[in-house]
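Structural characterization, general
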Amino acid sequence: MPNITLPDGKKIKFDKKVSGIEISEKISKSLSKQALVMSVDGNLKDLSFIIENDSKVKIFTSKDAEGLETIRHDTAHILAMAVQELFPGTQVTIGPVIENGFYYDFARKDPFTENDLKKIENKMKEIVERDELTRFEVWDRDKAIEHFKKIGENYKAEIIKDIPHGEKISIYFHGKWHDLCRGPHLLSTAKIGKFFKLTKVAGAYWRGDSNNEMLQRIYGTSWASQKELDDYLKRIEEAEKRDHRKLGKEMDLFHFREESPGAVFWHNKGWALFQKLVSYMRVKQENAEYKEINTPEILDRSLWEKSGHWEKFGENMYTSTTPDEKVFAIKPMNCPGCVQVYNQGLKSYRDLPLKMSEFGKVHRYEPSGALHGLLRVRAFTQDDAHIFCTEDQITEECLSVTNLILEIYKDLGFENVILKYSDRPEVRVGEDSVWDKSETALLKAIKESKLEYSINKGEGAFYGPKIEFVLTDAIGRDWQCGTLQVDLNLPGRLGATYVDKDGGKKVPVMLHRALFGSLERFIGILIEHYSGKLPFWISPLQTMIIPVSDEFNDYSKSVNSKIKRAGISSDVDLKSHNLNYKIREHSLSKLPILLICGKKEVDTNSVTIRRLDSNKQENMQLEKFIKEFSILNKAPSL
RNA sequence: GCCCCUGUAGUUAAAUGGUAUAACGUAUCCAUGGUAAGGAUGAAUUUCCAGUUCAAUUCUGGGUGGGGGCACCA
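Residues numbered from 1 in each chain as written. Chains lettered and ligands numbered in written order. Predicted model: local features only at pLDDT ≥ 70, side-chain atom pairs only at ≥ 80, totals over all residues. Heavy atoms only, no water.

1. Examining the pattern of salt bridges
We apply this condition: Salt-bridge detection follows one rule: a side-chain nitrogen of Lys or Arg within 4 Å of a carboxyl oxygen of Asp or Glu. Only protein chains enter the calculation, and the probe is 1.4 Å; a residue is then buried if its accessible area is under 20% of its type maximum, exposed if over 50%, and partly exposed in between.
Inspection of the entire model under this criterion finds 41 salt bridges. Across the salt bridge formed by Glu311 and Lys312, the nearest N and O atoms sit 3.7 Å from each other. Across the salt bridge formed by Asp432 and Arg424, the nearest N and O atoms sit 3.7 Å from each other. According to the relative accessible area criterion, Asp432 is partly exposed, its value standing at 40%.

Laid out in structure tokens, this is it:
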């Protein structure tokens with residue numbers, strides 16, 4: 001006779017075997033109405049599961065992550081039911097819960113259209129109303145395979161074949177419709193409610209492998225209440241408003257065009273932002289003892305063959321044949337060029353660590369489907385550096401890179417940073433013993449940094465293991481930006497050496513590191529993080545001077561030139577629009593500071609400040625304005 | 001690269017088997033204004049290449065770009 005222990009420690013004694021729903025009824029009527037699933041000794045179970053022995057039981061409602069996940073899982077099943085009712089002959093494959101929703105992959109000849117989504121949604125609602133009861137059976141493997149094959153569900157049969165022998169094959173029924181599934185599920189289809197929406201159709205490879213056939217995936221979202229669904233849809237809308245592609249156009253920062261897919265045409269304001277970030281990093285790197293260099297964009301094929309890029313990275317490289325038939329590659333990475341700078345002249349152990357930075361523009365032939373605004377381009381500028389050092393210096397140098405990156409992210413408004421560590425990939429150069437050494441040294445640095453980190457097996461660069469720096473933006477999205485790679489391979493391949501204490505030549509270790517990764521991508525992230533309202537010090541155009549009428553144009557022009565001389569970017573709006581019009585226009589373009597100049601200002605040699613998102617008027621002496629805003633015109637850490 | 005959707009003034013959109021409409025922007029003129037759109041007039045457009053058709057921006061096929069996913073992100 002089971003003794004049930006609840007999360008608060010309370011025990012309930014039952015005189016017979018008991019189901020989850022019976023337990024919830026015993027606790028309270030309202031709980032039994034809201035109950036969705038339960039855990040029995042830590043394992044999630046259907047509420048209909050019968051408990052025979054003493055157990056710890058926790059009942060979940062839609063307020064718990066477990067409850068909401070089960071709702072989504074059930075919604076995915078109901079989606080599959082609806083699709084098969086509407087489109088007989090469609091095969092089901094898998095339909096997992098994902099963040100904020102679920103998807104289901106189907107195999108069907110004809111594509112689903114946006115119109116079908118609406119139809120399917122209605123059918124789903126109908127199924128919810130039918131309130132089909134959930135039932136659960138355990139089948140024999142061979143019977144299950146045979147059954148699914150017989151009804152034409154070849155993908156399901158294949159999935160079952162891959163389930164290890166000895167594991168139970170559980171089949172869930174919702175009415176007559178059934179699916180292979182681990183569960184748990186709600187008691188009936190009505191329990192999911194109607195707070196779901198199918199969001200998009202997309203292609204997806206069977207088992208995520210691009211060699212396999214493509215299935216049709218339907219994405220959806222599902223919530224416990226109409227309000228939560230509405231809030232979610234609202235959040236999506238808000239995120240779309242900060243899309244850097246849209247803001248980039250509105251703010252006149254950059255554009256793309258057909259002649260060069262995946263390459264940015266920077267407008268004046270966008271380029272100003274780009275250059276501000278570069279100047280800022282120059283100062284930070286100067287302070288950290290980096291020496292800036294610059295190397296050719298086009299280099300002979302032989303160098304890329306030596307470095308290993310030709311073989312391991314060739315598919316992503318642009319090449320160019322000259323009129324005299326020589327083959328060059330447009331650099332996809334800066335490292336070989338940098339090693340050649342290192343190689344020019346003799347280096348001593350006393351020169352190490354030698355940190356060479358380069359704002360290098362690289363070109364990579366990315367798959368067309370990967371391109372996405374500034375976030376994924378084919379031509380971009382890396383804030384790259386290569387640190388040549390001895391093996392003993394690796395850990396210390398990695399730590400100093402990590403600190404530099406954290407400082408820079410903080411200046412730009414990103415406080416939350418986590419690390420991702422990736423070790424040796426399948427396609428790589430170098431001996432395993434060398435990889436052992438690099439991986440150990442890098443891991444040691446990670447541990448000493450005391451930052452949170454995760455491990456990505458097999459995702460390192462072809463020449464060495466790496467850390468990636470992942471930051472979190474204003475609406476909680478993660479972005480992978482900086483990177484740090486240990487490389488014991490390239491320097492040797494390209495013949496880099498230094499003269500050690502004993503007079504013998506040794507091969508240095510090279511660390512590759514990028515702070516933002518790609519300037520282009522980072523600018524995209526910055527725009528989205530700030531919704532285009534960039535901090536004053538990196539604003540591409542910081543102040544706009546607006547004369548109240550033509551009469552004050554001269555005064556406005558003189559204010560403009562004084563502000564510019566102080567290093568603050570500024571412009572005068574002399575167009576023949578009225579004041580209100582100009583204020584609206586420049587506010588919409590997210591200009592941080594508007595300076596209004598009229599009679600009052602001329603008489604007192606002052607300006608009236610209007611800050612973005614405020615309608616307060618603040619009159620200030622011009623000299624004072626320049627002094628105060630010059631202080632704000634620097635990164636917080638400088 | 002793969003699947004689906006998509007391409008109309010600078011921008012955002014509307015319409016159509018008989019070469020297109022609006023708003024904003026732009027240009028000219030009027031208005032000279034004090035904190036989120038003052039008024040008038042004008043210029044400007046169907047992504048490219050084939051095909052069907054008397055006639056294609058519209059239908060069909062292909063190229064190419066863009067979007068959403070998948071795969072990729074060295």
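2. So, the protein's contact with RNA strand B
What counts, and what does not: Near is defined per residue: the residue qualifies when any heavy atom it owns lies within 4 Å of the molecule or strand. Any pair of N or O atoms that falls within 3.5 Å is considered a polar contact. Within protein, one atom must be able to donate a hydrogen and the other to accept it, and sequence-neighbouring residues count only if both atoms are side-chain atoms. Here a helix means four or more residues in a row that DSSP labels H or I, a strand means two or more in a row labelled E, and each is numbered from the N terminus.
Near RNA strand B lie 53 residues; those nearest to it are Tyr205, Phe313, Arg364, Tyr581 and Arg584. Considering the 4 Å shell around the protein, atoms of RNA strand B inside it are sugar or phosphate in 53% of instances. Between RNA strand B and the protein, one listed contact pairs a base nitrogen with a side-chain N or O atom of Glu366 at 3.4 Å. Here a base nitrogen of RNA strand B and a backbone polar atom of Val548 are 2.8 Å apart. Of all the secondary structure elements, the ones that give two or more residues to the surface near RNA strand B are strand E14 (196-205), strand E15 (214-222), helix H8 (244-250), helix H18 (579-588), helix H19 (599-604) and strand E34 (606-611).

3. So, the packing of helix H5 (residues 141-150) against helix H6 (residues 154-162)
Stated precisely, the cut-off is as follows: For helices, the fitted line uses only the C-alpha atoms of the stretch in contact; every axis is such a line through C-alpha atoms, and the angle between N-to-C directions lies from 0 to 180 degrees. For classification purposes, an angle smaller than 35 degrees is called roughly parallel, one larger than 145 roughly antiparallel, one from 65 to 115 roughly perpendicular, and anything else oblique. Two helices crossing with the near one rotated counterclockwise from the far one by less than a right angle form a left-handed crossing, whereas a clockwise rotation gives a right-handed crossing. What makes two residues a contact is simply this: any of their non-hydrogen atoms within 4.5 Å.
With their axes 7 Å apart at the nearest point, H5 and H6 run at an angle of 165 degrees to one another. On the basis of their axis angle, the class for H5 and H6 is roughly antiparallel. Judged by the twist between their axes, the crossing of H5 over H6 is left-handed. Between H5, through Arg141, Ala144, Ile145, Phe148 and Lys149, and H6, the contact on the second element is made entirely by Asn154, Lys156, Ala157, Ile160 and Lys161.

4. Observations regarding the domain arrangement of chain A
Note the following rule: An automatic or database domain assignment provides the domain bounds reported here.
Each assigned domain of chain A is listed with its residue range as follows: domain 1 (3-61), domain 2 (66-241), domain 3 (272-295 + 332-529) and domain 4 (541-632). The distance between the C-alpha centroids of domain 2 and domain 4 comes to 58 Å.

5. A closer look at the packing of helix H9 (residues 268-287) against helix H13 (residues 394-411)
Put simply, the test is: Side-chain classes are defined by residue name, with Ala, Val, Leu, Ile, Met, Phe, Trp, Tyr, Cys and Pro counting as nonpolar, Asp, Glu, Lys and Arg as charged, and the others, Gly among them, as polar.
Interaxial distance between H9 and H13 falls to 11 Å at its minimum, and their mutual angle equals 145 degrees. Pair H9 / H13 crosses with right-handed handedness. Of the residues in H13, those in contact with Tyr280, Met281 and Lys284 of H9 are Leu404, Glu407, Ile408 and Asp411. Looking at the contact of H9 with H13 residue by residue, the class counts come to four nonpolar, no polar and three charged.

6. Considerations on the nonpolar core
Note the following rule: Working definition of a nonpolar core: buried Ala, Val, Leu, Ile, Met, Phe, Trp, Tyr and Cys residues. They are joined through side-chain atoms within 4.5 Å.
Counting residues in hydrophobic clusters, the biggest one holds 60 residues, and the most contacted among them are Tyr409 and Leu412. Ranked by the residues each element gives to this core, the list is headed by H13, at seven residues. If we skip the residues at most four places from it in the chain, Tyr409 touches Phe414, Val417, Phe469, Leu471, Cys481, Gly482, Leu515, Phe516 and Phe522. Ranked by size, the runner-up nonpolar core spans 33 residues in total, among them Phe60, Ile71, Ala80 and Ala82.

7. Focus: the sheet that holds strand E12 (residues 169-174)
Strand pairing in a sheet relies on backbone hydrogen bonds, with the paired strands running either antiparallel or parallel. Here is the rule we go by: Pairing between two strands is assigned when DSSP locates at least 2 bridges connecting them.
Pairing is antiparallel across the open sheet formed by three strands, whose spatial order is E11-E12-E13. For this open sheet the edge positions go to strand E11 (134-139) and strand E13 (177-180), each flanked by a neighbour on one side alone. Averaged over all pairs of adjacent strands, the angle between their axes in this sheet comes to 25 degrees, without regard to strand direction. Note that E12 and E13 share four bridges and pair antiparallel. By the bridge assignment, Phe173 is partnered in E13 with His178. Running over the sheet, helix H3 (residues 65-86) touches E12 and E13 and is turned about 125 degrees from E13.

8. Considerations on the sheet that holds strand E22 (residues 354-363)
The sheet built from eight strands is open, its strands ordered E18-E22-E23-E30-E27-E26-E24-E25 with mixed pairing. Where the open sheet ends on each side, the last strands, each with one partner, are strand E18 (291-292) and strand E25 (453-456). In the sheet, strand E24 (residues 417-422) pairs with strand E26 (residues 466-472) via six bridges, with the strands oriented antiparallel. Residue pairing for E26: Ser422 is matched across the bridge by Lys466. In the packing of H13 onto the sheet, the strands contacted are E22, strand E23 (379-389), E24, E26, strand E27 (478-487) and strand E30 (509-518), and the crossing angle to E30 comes to about 10 degrees.

9. Side note on helix H12 (residues 335-343)
Among all positions of H12, only Cys335, Pro336, Gly337, Cys338, Val339 and Tyr342 are buried. After H12 finishes, the residue Gly345 shows a positive phi value of roughly 90 degrees.

10. Some remarks on unusual backbone geometry
Cis geometry is found at the peptide bond from Gly183 to Pro184, where omega equals -5 degrees. By the secondary structure assignment, Pro184 is in the loop between E13 and E14. That bond from Leu352 to Pro353 is cis: its omega, -5 degrees, falls within 30 degrees of zero. The topology assignment puts Pro353 in the loop between H12 and E22. The phi dihedral of Asp41 is positive, around 50 degrees, even though this residue is not glycine. Counting through the fold element by element, Asp41 comes out in the loop between strand E4 (37-40) and strand E5 (43-45). By relative accessible area, Asp41 is classed as partly exposed at 48%. At Lys450, a position not held by glycine, the phi torsion is positive, near 60 degrees. Inspection of the secondary structure puts Lys450 in the loop between helix H14 (432-449) and E25.

11. Overview of the packing of aromatic side chains
What counts, and what does not: Only Phe, Tyr and Trp rings take part, Trp by its six-membered ring, and two of them pair if their centres are within 6.5 Å. Stacked means planes under 30 degrees apart, edge-to-face means over 60, and tilted covers everything else.
The tally for this structure, following the rule as stated, stands at 23 aromatic pairs. When the ring of Phe254 is compared with that of Trp266, the centres are 5.7 Å apart and the planes differ by 70 degrees; the resulting orientation is edge-to-face. You can see Phe254 sitting in strand E16 (residues 254-255) and its partner Trp266 sitting in strand E17 (residues 265-266), a full twelve residues away along the chain. Using a relative accessible area of 5% as the deciding quantity, one classes Phe254 as buried. Considering the side-chain rings of Phe462 and Tyr463, the 5.1 Å spacing of their centres and the 75 degrees angle between planes classify their relative orientation as edge-to-face. The pair formed by Phe462 and Tyr463 is uniform in burial state, with each residue classed as buried.

12. Quick look at the side chain of Asp487
This is how it is decided: Here the positive residues are Lys and Arg and the negative ones are Asp and Glu; neither His nor the chain ends is included.
Examined against the element boundaries, Asp487 turns out to sit in strand E27. In this structure, Asp487 is buried with no salt-bridge partner, the nearest side chain bearing the opposite charge being Arg493 at 8.3 Å. Within polar-contact distance, the side chain of Asp487 engages the backbone nitrogen of Asn489 at 2.7 Å. One polar contact links Asp487 to His512, side chain to side chain, over a distance of 2.8 Å. Not counting residues within four places of it along the chain, the set of residues in contact with Asp487 comprises Tyr463, Val509, Met510 and His512.

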